[in-house]
Amino acid sequence: MALPIPLPALSALLLTLLCIYKFLIYPLFLSPLSKIPAAHPLAAVSSLWIVYKRYSFCELATIHDAHQRLGEVVRLGPGEVSVNCVRGGIQTVYGGGFEKHDWYPNMFTNYGHTNMFSMITSKPHSIRKRMISATYSKTTLQSSAALAAQSHSILHSRFLPLLTRLASSNEPFNIFPLLSAITMDFVTCYLFGLSSGSNLLQKEEERNHFLHLYHCRRSYNFWPQEMPRMKAWLEWFGVKVVPSWVGDANEEIEKWTMGMVEGAERVRETGVEDVADSPTVYAQLAGSMVKASSSSSPSKVEDPTPETERLQIASELLDHLAAGFDTSGITLVYLIHCLSLRPKLQSALRAELLTLSPPILPSSSSPNLPSPKYIDALPLLNAIVQETLRLHAAIPGPQPRVTPASGCKLGGEGKEFWVPGGVRCSAQAWSLHRNGEVYADPGEWRPERWLVEEEDGELGKKVRFVCEGEMARWWWAFGSGGRMCVGSNLAIYQMKMIVAAIYTCFTTSIVDDEGIEQCDLYTAPPRGNKLMVKLEAV
Ligand code: HEM
């Protein structure tokens, strides 16, 4: 008996119905995510609209607007959500150890090897983290003789003489590259030792060349991060969406870092003569890797060749230097911008900095630096750094994770949504830090919100830095949970040292701040890549 509909037509009809079910009916009406408010009418059925927002550099603003309109949990795509709350939000996703999304290894792989930042699964990540996290603890940093000697040399031999020259020239200059240079010098000297680390403060040509290499790649991150398969597919057809000079820039940065790795290895082999040359993080990581590969422990994940091990170490440390200099440089440029708009606050900060013993002054009149513990305890300095990291988080963008196979509930009490496994979910500091119910006038830079005034016996009043309650819980500049920033203490250490050095000795004023607004990017520098200031010695 012949079928009433020919077989090919029947197959086409069934396929069409299946597609309608899979791509329209299920995501629109039946998926558990269909109950979550959609940030855009297309969000339930296609990711194209959010991908387009990413491509057009307006992802953060779009997600922020969606949370303001629709609440704490919003749907960004058929399999993607964003959260903007603490309980049922960052506590669940980041405190719950959800694994990272492919977004990380797609982009942050160096020398062909992943590192702590770009490892997806928790086992290799926690093995690597155990190897080095102690070198970044506050106690280690504050008591490190190597870091103290490196800080002294960077501030007294490089930074303060340079600032003194710039102040006496009375000429305006772009302070952003200098801040990137000093943070790079701090981080690489701690990683590789003073003699093997960078000296971008004094080597102007190398500084400009490196910063050009680093920044010129920025607008091409979209393709490997968000559309890696499309990129490969287009390349197969001969369409290059990422120009080859981006690859050349990556290679040159890798080569530059490898030079420092090799320098640190030479020092480790021949022995350290000057404590400032100790390659603290390199030595710790290299030692731990050798120990791990020669151990027979059941937690051992692989048996790398010496060459693979060398590249793994270099990949890890290249990630630290990039994560460390860029973010701290961005934070400092906004801190200086905000302080330059408030000369009275600069005076109050200077008064506080002059209580340090000895104060950080140029010239040999002050051979030692004050104890990092005392710098760390200064309340106004603390409040200024904390508030800058709130309003101008250097990483304000979404940090994508994947929900576990068992699924989870997202959203605050009484507003929870069931989310199945395998869904991309993220939070962004940009939105968490702009919650008006937690931070009054969230768009204002107000360090005072972190200070309380207290009676101080006969001495009158004193201020105390306070970071607690809801303001502390929503503050997310370094992320949270097991994948939180491992370098946060080093970041705070170097930023406070640098701010203390500048504002003990100089005042800053703005000459040109056009383009100071932050880029709409995961890591967000000023759009104009500059802040023109004038320095005056005090
Ligand atoms: C103001 C300065 C800094 C800020 C705002 C910052 C912020 C962050 C944030 C938000 C994360 C989590 C990102 C994510 O999961 O998507 C992170 C991770 C990380 N940061 Fe930082 N960071 C800073 C400085 C540093 C420094 C100085 C270093 C090291 C020298 C560093 C090394 C790392 C590493 C290795 C990770 C990955 C940690 C992991 O996955 O376990 N960061 N940072």
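Residues numbered from 1 in each chain as written. Predicted model: local features only at pLDDT ≥ 70, side-chain atom pairs only at ≥ 80, totals over all residues. Heavy atoms only, no water.

## A closer look at the side chain of Thr 62
1) Next: Mapped onto the elements, Thr 62 comes out in helix α3 (residues 59-70).
2) Next: Apart from the residues within four sequence positions on either side, Thr 62 is in contact with Trp 49 and Lys 53. (Helix = DSSP H or I, 4+ residues; strand = E, 2+ residues; numbered from the N terminus. Contact = heavy atoms within 4.5 Å.)

## Some words on the state of the cysteines
1) Next: Applying the stated rule across the entire model yields zero disulfides.
2) Next: Of all cysteine sulfurs in the structure, the one in Cys 408 sits closest to Cys 425, which takes part in no disulfide; the separation is 6.2 Å.
3) Next: We classify Cys 425 as buried; its relative accessible area is 0%. (Disulfide = S-S within 2.5 Å. Buried < 20%, exposed > 50% of the residue type's maximum accessible area, 1.4 Å probe, protein only.)

## Overview of a nonpolar patch on the surface
1) Next: A cluster of nonpolar side chains, namely Ile 5, Leu 13, Leu 14, Leu 17, Ile 20, Tyr 21, Leu 24, Ile 25, Tyr 26, Leu 28, Phe 29 and Leu 30, defines an oily patch on the protein surface of about 1100 Å² accessible area.
2) Next: The partly exposed category is assigned to Ile 20, whose relative accessible area is 34%. (Patch = residues over 30% accessible without salt bridge, like charges linked within 9 Å, V, L, I, M, F, W, Y side chains within 5 Å. Areas by Shrake-Rupley, 256 points an atom, 1.4 Å probe, with all protein chains shown as cover. Salt bridge = Lys/Arg side-chain N within 4 Å of Asp/Glu carboxyl O.)

## Quick notes on the site of the ligand
1) Next: Close to the ligand lie 31 residues, the nearest being Tyr 104, His 125, Arg 401, Cys 485 and Tyr 522.
2) Next: Contact between the ligand and His 125: an oxygen atom at 2.6 Å from a side-chain N or O atom of the residue.
3) Next: Gln 399 places a polar side-chain atom, nitrogen or oxygen, 3.5 Å from an oxygen atom of the ligand.
4) Next: For the shell around the ligand, the element with the most residues is helix α15 (residues 306-340), which contributes seven residues.
5) Next: Grouping the constituent residues of the shell around the ligand by class yields 17 nonpolar, ten polar and four charged.
6) Next: Counting the residues that make up the shell around the ligand, at least three belong to each of domain 1 (25-102 + 397-432) and domain 2 (115-390 + 436-474 + 486-537). (Near = heavy atom within 4 Å. Polar contact = N/O pair within 3.5 Å; in protein donor to acceptor, adjacent residues only side chain to side chain. Nonpolar A, V, L, I, M, F, W, Y, C, P; charged D, E, K, R; others polar. Domains from an automatic or database assignment.)

## A few points about the packing of α15 against helix α18 (residues 379-391)
1) Next: With their axes 9 Å apart at the nearest point, α15 and α18 run at an angle of 110° to one another. Here α15 is positioned roughly perpendicular relative to α18, judged by the angle of their axes. Once α15 is placed against α18, the crossing between them reads as right-handed. Along its contact with α15, which presents Thr 331, Tyr 334, Leu 335 and Leu 339, the element α18 presents Ile 384, Val 385, Thr 388 and Leu 389.
2) Next: Taken together, the residues that form the contact of α15 with α18 break down as six nonpolar, two polar and no charged. (Axes fitted to C-alpha atoms, helices over the stretch in contact; angles between N-to-C directions. Parallel < 35°, antiparallel > 145°, perpendicular 65-115°, else oblique. Left-handed = near helix turned anticlockwise from the far one by under 90°.)

## Describing the packing of helix α9 (residues 175-192) against helix α10 (residues 204-216)
1) Next: Where α9 meets α10, the closest approach of the two axes is 11 Å, and the angle between their N-to-C directions is 95°. Here α10 runs roughly perpendicular to α9, going by the angle between their axes. Contacts between α9 and α10 involve Pro 177, Leu 178, Ser 180, Ala 181 and Met 184 from the former and Arg 207, Phe 210 and Leu 211 from the latter.
2) Next: When the residues that make up the contact of α9 with α10 are grouped by side-chain class, the tally is six nonpolar, one polar and one charged.

## Here we look at the sheet that holds strand β12 (residues 532-537)
1) Next: Read across the open sheet, the three strands follow the order β4-β12-β11; overall the sheet is antiparallel. Only two strands of the sheet have a single partner each, and these edge strands are β4 (173-174) and β11 (506-512).
2) Next: The pairing of β4 with β12 spans two bridges and is classified as antiparallel. Paired with Asn 174 across the strands is Met 532, a residue of β12.
3) Next: The sheet strands contacting helix α8 (residues 145-169) are β4, β11 and β12, and the helix crosses β11 at an angle near 60°. (Pairing = 2+ DSSP bridges.)

## Considerations on unusual backbone geometry
1) Next: Note that the residue after Ser 357, namely Pro 358, is joined by a cis bond; omega there is -5°.
2) Next: Tracing the backbone through its elements, the reader meets Pro 358 in the loop between α16 (343-353) and α17 (372-376).
3) Next: Non-glycine residue Asp 441 carries a positive phi angle of around 45°.
4) Next: Tracing the backbone through its elements, the reader meets Asp 441 in the loop between α19 (429-432) and β9 (451-455).
5) Next: Of note, Asn 529 is a non-glycine position whose phi angle comes to about 55°, a positive value.
6) Next: Residue placement: Asn 529 occurs in the loop between β11 and β12.
7) Next: Judged by its relative accessible area of 26%, Asn 529 is partly exposed.

## A closer look at the domain arrangement of the chain
1) Next: For the chain, the assigned domains read domain 1 (25-102 + 397-432) and domain 2 (115-390 + 436-474 + 486-537).
2) Next: Computed over C-alpha atoms, the centres of domain 1 and domain 2 are 30 Å apart.
3) Next: Across the interface of domain 1 and domain 2, roughly 1800 Å² is buried in total on both sides, 57% from carbon and sulfur atoms.
4) Next: Looking only at domain 1, the three residues that lose the most surface to domain 2 are Phe 57, Glu 99 and Lys 100, adding up to 31% of its buried area.
5) Next: Taken together, the links from domain 1 to domain 2 amount to three salt bridges.
6) Next: The residue Glu 226 makes a salt bridge to Arg 424 at a minimum N-O spacing of 3.4 Å. (Buried area = accessible area lost by both parts, 1.4 Å probe.)

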